[in-house]
Amino acid sequence: MPLLNEDAPALPMDAQGILELAARSMFQLFSSVSQGMFLVDRSGRIVWVNEGYQRFLPALGFSSVDQFVGRTVEEVIPNTQMRRVLETGQPVLIDLLTNKAGTFVVSRIPLRDEAERVIGAIGIVLFDHPETTLQPLIGKFALLQRDLDDARRELASQRSRSLAVSGDGQRRAKYTFASFVGSSPAASEVKRQARRAAQSSSPVLLLGETGTGKELLAHAIHAASSRASGPFVSVNIAAVPDTLLEAEFFGVAPGAYTGADRKGRDGKFKLADGGTLFLDEIGDMPQSLQAKLLRALQEGEIEPLGSNKLVPFNVRVVAATSRDLAALVRDSRFREDLFYRLHVLPVRVPPLRERRSDIPALVEVLGEDLALRNGTAPPELRPDAMALLAGQPWRGNIRELRNVLEQAAMRSDSQSIDAYQLERILREAGVEPAAPVRDALTEPGPLGDEQRYLRPLAEQVAELEQRAISAALKAHGGNKQATARQLGISRATLYGRLENPE
């Protein structure tokens, strides 16, 4: 056993001496390892600054220590919270301070006399440039914050869907822009245009093939608009007989005709007052009603069926069609003046074949929805199955994709689905499967090589991130958990990137 050196310094024998030694050692330690320290007296005046802190003085506007010492802390250090420490006597062990000198991680500790009275305080700069020195810690908390935000968005989305009809009987939007799944250039662009349209009160015309998500975008535009607290009322014109459309739109006066309700019946314009009226399949509207719709939109008033009284309304119209309205106008099957009235903010919703890189994310979301509805595990697509889906023309777009997935999940004996199963389902539906496209899941978009780099760096980084996610999804056959594990992110974070990459 080694012998102690009898000449080595010994600790004080009394408790007070040990406390004083510890305080002196801690002070010296902080002074040497911290980025800077200073002391203030009870009145908040700077009384001492160490050598490390002096390097921040020029950025604060002082050329010498003499200009700094003797002044109140608020005068010389913007945004400081030192006065609160002096008044409350409570330390602030970790805080972020930002001023002209930069951003710092700081501590503020009160100083007390023998009677435990606050006689001053010490400020310690633990780290400067925390965005680099504390990057691992900040990154971890940023990741946790993103996961929390993802969970909040999902809860809000579920709540909005559950409140499709609120307690007061009003109809609400079921979806938000986060519900429009996709991060491809085409999907990002349509969401950008729709968000801009939401900020206006002008009519919006959604153009696109069947099953592309036009109704979902109509809900999202309403939810993001200033009318979000008002009702969202939709009418599928193609689903209502021509003879009933006028009553459906404008309502019926009491006793207007035999069998009519004695109390009358409000039309969709009246029900949507103060909110949004969604006119789906506007291209199927009979010409006899087009003139009345045009007049209602121009005058802001309607005349219920069987009534001579004009009823004002305040409605924002969002229309949608899968038909070529311009061609219908040329063929004199759709009024030109109504077309220009509706064609103020046109938004083209791209077909699925123009956003093939979104297919893995759509498969994931649709699979989870099917699993939730049926009480089963979500289907897992093998790489060959995912490549086959990417190569199909998808005439029915997302609606057709969902139908194929649901059939495959219901008819498969296992959770894993391969290309052969999908080919059989497509052929039974009268569709000859197209060749698989494996590279489509990581396509960079329509920009040329040089043009692609002449964009904001943040946009390019986001695109690269999405390509990495798509490649990992393809490699794991759409398995989200395995993808998240390989990329080193949480499953919730991956879901957020797939749903809302902006």
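What counts, and at which threshold
- Residues numbered from 1 in each chain as written.
- Predicted model: local features only at pLDDT ≥ 70, side-chain atom pairs only at ≥ 80, totals over all residues.
- Heavy atoms only, no water.
- Helix = DSSP H or I, 4+ residues; strand = E, 2+ residues; numbered from the N terminus.
- Buried < 20%, exposed > 50% of the residue type's maximum accessible area, 1.4 Å probe, protein only.
- Contact = heavy atoms within 4.5 Å.
- Areas by Shrake-Rupley, 256 points an atom, 1.4 Å probe, with all protein chains shown as cover.
- Pairing = 2+ DSSP bridges.
- Axes fitted to C-alpha atoms, helices over the stretch in contact; angles between N-to-C directions.
- Phe/Tyr/Trp six-rings, centres within 6.5 Å; stacked < 30°, edge-to-face > 60°.
- Core = buried A, V, L, I, M, F, W, Y, C linked by side-chain atoms within 4.5 Å.
- Parallel < 35°, antiparallel > 145°, perpendicular 65-115°, else oblique.
- Nonpolar A, V, L, I, M, F, W, Y, C, P; charged D, E, K, R; others polar.
- pLDDT = per-residue confidence, 0-100.
- Polar contact = N/O pair within 3.5 Å; in protein donor to acceptor, adjacent residues only side chain to side chain.
- Salt bridge = Lys/Arg side-chain N within 4 Å of Asp/Glu carboxyl O.

## Some words on the overall build of the protein
What the protein contains, in helices and strands, is 22 helices and 14 strands. Taken over 502 residues, the protein has a buried fraction of 42%. When contacts within the protein are restricted to residue pairs at least 6 apart in sequence, those whose partners lie at least 24 apart make up 64%. For the protein, the accessible area works out to roughly 27100 Å², and carbon and sulfur atoms hold 53% of it.

## Looking at the sheet that holds strand 4 (residues 102-112)
Pairing is antiparallel in the open sheet, where five strands are placed in the order 2-1-5-4-3. The open sheet has two edge strands, strand 2 (46-49) and strand 3 (92-99), and neither has a second partner. Strand-to-strand twist of the sheet, defined as the mean angle between neighbouring strand axes without regard to direction, takes the value 25°. Bridge analysis of strand 1 (residues 36-41) against strand 5 (residues 118-128) gives six bridges, and the strand direction is antiparallel. Counted as the bridge partner of Met 37 is Ile 124 from strand 5.

## So, the packing of aromatic side chains
Taken as a whole and assessed by the stated rule, the structure comprises eleven aromatic pairs. Ring centres of Phe 56 and Phe 104 lie 5.0 Å apart, and the angle between their planes is 65°; this geometry places the pair in the edge-to-face category. Of this pair, Phe 56 sits in the loop between strand 2 and helix 2 (57-60) while Phe 104 sits in strand 4, and the two are 48 residues apart along the sequence. Side by side, Phe 56 and Phe 104 carry an identical accessibility label, which is buried. Ring centres of Phe 250 and Phe 269 lie 5.8 Å apart, and the angle between their planes is 15°; on these two criteria the pair is classed as stacked. Note that Phe 250 is positioned in helix 10 (residues 242-250) and Phe 269 in helix 11 (residues 268-271), a separation of 19 residues in sequence.

## Some remarks on the nonpolar core
If you look at the biggest cluster of nonpolar residues, it comprises 31 residues, and the most contacted ones within it are Phe 249, Phe 269, Leu 277, Leu 279, Ile 282, Leu 293 and Phe 334. For this core, the element with the most residues is helix 12 (residues 287-299), which contributes five residues. In this view, Phe 269 contacts Phe 249, Phe 250, Leu 277, Leu 293, Leu 297, Ile 302, Phe 313 and Val 315; residues no more than four positions away in its chain are not counted. Ranked by size, the runner-up nonpolar core spans 30 residues in total, among them Val 363, Leu 405, Leu 426 and Leu 498.

## Comments concerning the packing of helix 10 against helix 12
Here helix 10 crosses helix 12 at 10°, and the two axes come no closer than 11 Å. The angle between helix 10 and helix 12 falls in the class roughly parallel. When helix 10 is examined against helix 12, the residues Leu 245, Glu 246, Phe 249 and Phe 250 are found in contact with a partner set consisting of Leu 289, Lys 292, Leu 293 and Ala 296. Of the residues contributing to the contact of helix 10 with helix 12, the split by class is six nonpolar, no polar and two charged.

## Some remarks on the confidence of the model for the protein
Chain-level statistics for the protein give a pLDDT mean of 82 and a share of 80% at 70 or above. Mean pLDDT in the protein bottoms out at helix 19 (residues 449-452), which sits at 49, and peaks at strand 6 (residues 204-207), which reaches 96. Here residues 442-449 is modelled with pLDDT under 50, and outside its nearest four sequence neighbours on either side it reaches 14 contacts, counting other chains as well.

## Here's the deal with the side chain of Asp 358
Topologically, Asp 358 is positioned in the loop between strand 12 (345-348) and helix 15 (359-374). For Asp 358, the side chain forms a polar contact with the side chain of Ser 184, separated by 2.6 Å. For Asp 358, the contacting residues outside a window of four places in its chain are Gly 182, Ser 183, Ser 184 and Ala 187.

## A few points about the pattern of salt bridges
The full count for this structure, using the stated rule, is 20 salt bridges. A salt bridge links Arg 71 to Glu 75; its shortest N-O distance comes to 3.8 Å. For Arg 348, the salt bridge is made with Glu 354, and the minimal N-O distance between the two is 2.9 Å. Note on Arg 348: relative accessible area 48%, which makes it partly exposed. The exposure class assigned to Glu 354 is partly exposed, which follows from its relative accessible area of 40%. Here the salt bridges share partners, and the residues they tie into one network are Glu 248, Arg 265 and Lys 268.

## A word on the sheet that holds strand 11 (residues 316-321)
In spatial order, the strands read 7-8-11-6-12; together these five strands make up an open sheet with parallel pairing. Both edges of this open sheet fall to strand 7 (232-236) and strand 12, since each of them pairs with a single strand only. Neighbour-to-neighbour, the strand axes of this sheet turn through a mean angle of 20°, independent of strand direction. Examined bridge by bridge, strand 6 and strand 11 share four bridges and lie parallel to one another.

## A short note on helix 21 (residues 480-487)
Buried residues of helix 21: Lys 480, Ala 482, Thr 483 and Ala 484, and no others. Gly 488 sits one or two residues past helix 21 and shows a positive phi near 75°.

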